[in-house]
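Chain by chain, the residues:
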Amino acid sequence: MNYYSLKHKAPTVSFSEAVVKGLAPDRGLYFPEKITPLDKNFFATIEGKSKLEIAYECIRQFVGNKIPPAQLKEILEDVLSFDFPVVPISDTISTLELFHGPTMAFKDVGARFMARCLGYFNQHNNKEVTVLVATSGDTGGAVAKGFLGVPGVNVVILYPDGKVSEIQERQLTTLGQNIKALKVQGTFDDCQAMVKKAFLDTDITATKKLTSANSINVARWLPQLLYFVFAYQQVKAQEKELVFSVPSGNFGNICAGIVAYKLGLPIDHFIASVNSNDTVVRYMNSKKYEPKPSVATISNAMDVGDPSNFIRIQQLFENNFKSLKEKFSAFSYDDVATRKAIIEIYKNYVYIADPHGAVGYLGLKEFGLKSNQLGIFLETAHPIKFRPTVEEALQVTLPIPDQIKGVLDKDKKFVSITNYEDLKADLLAG
Ligand SMILES: *Cc1c(COP(=O)(O)O)cnc(C)c1O
C-alpha cells in the first residue's frame, strides 16, 4: 500500500515513509492509494472474532509489508489493551465510550499506535526523530504518554496557555524524560501555525528529523477506524441501521469512521457534531469553505477553526458534494446548549457525559433518528477531564479515576514561549 499527497506534487511513499514524514514535502496530507473492502464474510462472522483479529484484518492493508505480521499483531495487542464499550442510554441512543485508555480520551489508540510504529521503524536508525505536535487539549497527553521512553524519539508539545483543562495540562507537563511541553501565549491555531512553519524551516530540517503526531499523520489517524468496527460488533445483533455522531475538531476521528465504511462496514449515516467552531457546518450549507480563527469553548478539544482532515473526507467522497451530503451531516452547538445537554442526559438517563460527548448527543437529536436506526454518539473523553464544567452543571462530585490520580500531585514542567522565534531557538538548542 502506498500513500499519495493530496496536493499531488510529491512522490508516493510507503506506510513507513508516510509515518516518518508526517506531511508530504509539498505540504499535502498523505492519503491511501487504494482502500480495498474486506470480504463480506468478515462482517457476517464478526461476533466470533477477537479484538486483535478484527484490528489486524482492518489495519494490515494500510501497513503493507512495512511491518511483518507477527510484529504488527504485537503492536496492535499492546495498543488495544483496554475496552471500547457501547453503553445504551435509551432505546434508540447508545454511546461508544472511548475513554478507557491511559489518558482517558480517544486519542490514546492513535498515539500509541503511532509511537510503536515509529519506534519500530526507527530501531535501526541512529538519527533521533523529533515529534512536534500542537494540542487543543487531549492530543498532548495521549502523545506524551504514548511516546514516553520510546528510544530515539523526542517529543515537543505546544499547547495554548489557559485554553486546556487543568487535568489536560498536567497530563502533558508532568512526565519528563523525552517529553517537553511548550506553553504558548496564543490559541491552538497559533500553535498549529508554528508547528507548520517549523516543518518548512530549512534551518531546522537541516539538522533535525521532524515528524508530526497530529491526526495528519496516517499512523495517528487510521487506527481510529477500529472504534466503529468494535461498535458494530457489539450492536450487530440489534439489526438496526447505524448512525454515528462524532464530536469533531480536526475531523480525524470521523474521517477514520468513513474509511471503516469504505472497508464495507454497514453505516447508514455520519454526523459531525461541532461546537461554535462551525467551519464545516457552514460549508455544508453554502458549499464554501471559509475557515475562521478558532474560538474557545467548554469542549476545548474541538476548538479548531480550519480542520485539517476535512480535505481527506472530501477525497473519500471523490470530491463530490452531492455524495458527501447523502452520507454526512454537520451540526453546531454553543456552550449554552452543551451545558443544557449535559444536564438533560443526566436527568433523563442517569449518564454523565463530558462536554464533547454532549455535543455528539445533540447532533443525534437534531438529525432525528428513524425507528429502524440506532444512534451512537462517541464519548471521546472521560467527564473528569472537564471536571469544573461537569461538576458545576450537575452539582455532583466526580470520583477521580486511578489514571488521573497519578498526575494530580506531580509538578508541571513547561517552557513559556510567545512566538515562532522562541520555538525555533528551543528546537535548535535541544
Ligand atoms: C481531539 C478530540 C476531539 C476531536 O477529534 P478530531 O479527530 O480532531 O475531530 C473530540 N473530543 C475529544 C475529547 C478530543 O480529545
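The present account deals with the structure reproduced in this document.

Calculation notes
Residues numbered from 1 in each chain as written. Predicted model: local features only at pLDDT ≥ 70, side-chain atom pairs only at ≥ 80, totals over all residues. Heavy atoms only, no water. Helix = DSSP H or I, 4+ residues; strand = E, 2+ residues; numbered from the N terminus. Rg over C-alpha atoms; globule rule 2.2 N^0.38 Å. Buried < 20%, exposed > 50% of the residue type's maximum accessible area, 1.4 Å probe, protein only. Contact = heavy atoms within 4.5 Å. Areas by Shrake-Rupley, 256 points an atom, 1.4 Å probe, with all protein chains shown as cover. Lys, Arg positive; Asp, Glu negative; His and termini not counted. Charge placed at Lys NZ, Arg CZ, Asp CG, Glu CD. Near = heavy atom within 4 Å. Polar contact = N/O pair within 3.5 Å; in protein donor to acceptor, adjacent residues only side chain to side chain. Nonpolar A, V, L, I, M, F, W, Y, C, P; charged D, E, K, R; others polar. Phe/Tyr/Trp six-rings, centres within 6.5 Å; stacked < 30°, edge-to-face > 60°. Pairing = 2+ DSSP bridges. Axes fitted to C-alpha atoms, helices over the stretch in contact; angles between N-to-C directions. Core = buried A, V, L, I, M, F, W, Y, C linked by side-chain atoms within 4.5 Å. Expected span 1.5 Å × (residues − 1).

1. Brief notes about the overall build of the protein chain
Then step 1. Broken down by element type, the protein chain carries 20 helices and 14 strands.
Then step 2. Here the C-alpha atoms of the protein chain give a radius of gyration of 20 Å, agreeing with the 22 Å that 2.2 N^0.38 yields for 430 residues.
Then step 3. Along the three orthogonal principal directions, the C-alpha set of the protein chain runs to about 60 × 50 × 45 Å.
Then step 4. Out of the 430 residues in the protein chain, the part that is buried amounts to 60%.
Then step 5. Considering only residue pairs separated by 6 or more positions, the protein chain has 76% of its internal contacts joining residues 24 or more positions apart.
Then step 6. Put simply, the protein chain shows about 16900 Å² of open surface, and 50% of that area lies on carbon and sulfur atoms.
Then step 7. Taken as two groups, the 48 positive and 46 negative side-chain charges of the protein chain have centres that lie 4 Å from each other.

2. Quick word on the environment of Ala-219
Then step 1. Mapped onto the elements, Ala-219 comes out in helix H10 (residues 218-221).
Then step 2. Considered as a pair, Ala-219 and Phe-15 are 204 residues apart in the sequence and their alpha carbons are 8.4 Å apart.
Then step 3. Sequence-distant contacts of Ala-219, that is, excluding residues within four places in its chain, are made with Phe-15, Val-19, Gly-110, Phe-113 and Met-114.

3. Comments concerning the site of the ligand
Then step 1. Surrounding the ligand, one finds 15 residues, the nearest of these being Lys-107, Asp-138, Gly-249, Asn-250 and Thr-380.
Then step 2. Note that an oxygen atom of the ligand is positioned 2.8 Å from one of the backbone N or O atoms of Gly-249.
Then step 3. A distance of 2.8 Å separates a nitrogen atom of the ligand from a polar atom in the side chain of Thr-380.
Then step 4. Isolated, the ligand exposes 380 Å² of accessible area, and the fraction of that covered by the protein chains is 98%.
Then step 5. Class assignment for the residues of the shell around the ligand results in six nonpolar, seven polar and two charged.

4. Comments concerning unusual backbone geometry
As a rule of thumb, non-glycine residues mostly have phi less than zero, and peptide bonds are mostly trans rather than cis.
Then step 1. With a phi angle near 65 degrees, Phe-251 is a residue other than glycine that sits in the positive phi range.
Then step 2. Along the chain, Phe-251 falls in the loop between strand S10 (241-247) and helix H12 (252-262).
Then step 3. Judged by relative accessible area, Phe-251 falls into the buried class, the value being 4%.
Then step 4. The backbone of Lys-287 shows a phi angle near 70 degrees, a positive value even though the residue is not glycine.
Then step 5. Relative to the assigned elements, Lys-287 resides in the loop between helix H13 (279-286) and helix H14 (310-316).
Then step 6. For Lys-287, a relative accessible area of 55% corresponds to the exposed category.

5. Structural notes on the packing of aromatic side chains
The description of an aromatic ring pair uses the distance of the two centres, along with the angle that the planes make with each other.
Then step 1. The final tally for this structure, using the stated rule, is 22 aromatic pairs.
Then step 2. The interplanar angle of 75 degrees and the centroid separation of 6.4 Å between the aromatic rings of Tyr-261 and Phe-270 together place this pair among those described as edge-to-face.
Then step 3. On the numbers, 6.3 Å between centres and 65 degrees between planes, the contact of Tyr-283 with Tyr-289 is edge-to-face.
Then step 4. For Tyr-283, a relative accessible area of 9% gives the class buried.
Then step 5. Classification of Tyr-289 by relative accessible area gives partly exposed; the value is 29%.

6. Quick word on the sheet that holds strand S4 (residues 86-88)
Then step 1. Strand order in the open sheet formed by six strands is S4-S5-S13-S10-S11-S12, with mixed pairing between adjacent strands. Each having just a single partner strand, S4 and strand S12 (328-332) make up the two edges of the open sheet. Pairs of neighbouring strands in the sheet enclose a mean axial angle of 25 degrees, with direction left out of account.
Then step 2. Relative to strand S5 (residues 93-97), S4 is paired through three bridges, and the arrangement is antiparallel. Paired with Val-87 across the two strands is Thr-95, which belongs to S5.
Then step 3. Relative to the sheet, helix H11 (residues 225-235) contacts S4, S5, S10, strand S11 (269-274) and strand S13 (373-379), its axis offset from that of S10 by approximately 140 degrees.
Then step 4. Along the sheet, H12 contacts S10, S11, S12 and S13; its crossing angle with S11, the most-contacted strand, is approximately 175 degrees.

7. A short note on the nonpolar core
Then step 1. The biggest cluster of nonpolar side chains holds 108 residues, and the ones touching the most others in it are Phe-15, Phe-113, Phe-147, Leu-225, Phe-244 and Phe-328.
Then step 2. Per element, the largest residue contribution to this core is nine residues, and it comes from H11.
Then step 3. Apart from the residues within four sequence positions on either side, Phe-147 is in contact with Ala-111, Met-114, Ala-115, Leu-118, Val-131, Val-153, Val-155, Asn-178, Ile-179 and Ala-213.
Then step 4. Formed by 31 residues, the second largest nonpolar core is a distinct cluster that contains Ile-89, Leu-364, Leu-394 and Leu-398.

8. Section: helix H7 (residues 166-173)
Then step 1. Across the eight residues that make up H7, a large majority, seven, are buried.
Then step 2. Those residues of H7 that sit buried are Ile-167, Gln-168, Glu-169, Arg-170, Gln-171, Leu-172 and Thr-173.
Then step 3. Buried positions along H7 lie against helix H6 (138-147), strand S7 (153-160), strand S8 (179-184) and helix H19 (402-408).

9. Describing helix H5 (residues 107-121)
Then step 1. Its 15 residues give H5 an end-to-end C-alpha distance of 21 Å, which sits within 8% of 21 Å, the value for a rise of 1.5 Å per residue.
Then step 2. Of all 15 residues that make up H5, twelve are buried, and the element is covered over most of its length.
Then step 3. Regarding H5, the residues found buried are Lys-107, Asp-108, Val-109, Gly-110, Ala-111, Arg-112, Phe-113, Met-114, Ala-115, Cys-117, Leu-118 and Phe-121.

10. Quick notes on the pairing of S13
Then step 1. Of all the seven residues making up S13, seven are buried; the element is thus mostly covered by neighbouring parts of the structure.
Then step 2. The pairing of S5 with S13 spans five bridges and is classified as parallel. Paired with Ile-93 across the two strands is Gly-375, which belongs to S13.
Then step 3. Two elements, S10 and S13, share five bridges in a ladder whose sense is parallel. Bridge pairing in S13 links Leu-242 to Leu-374.

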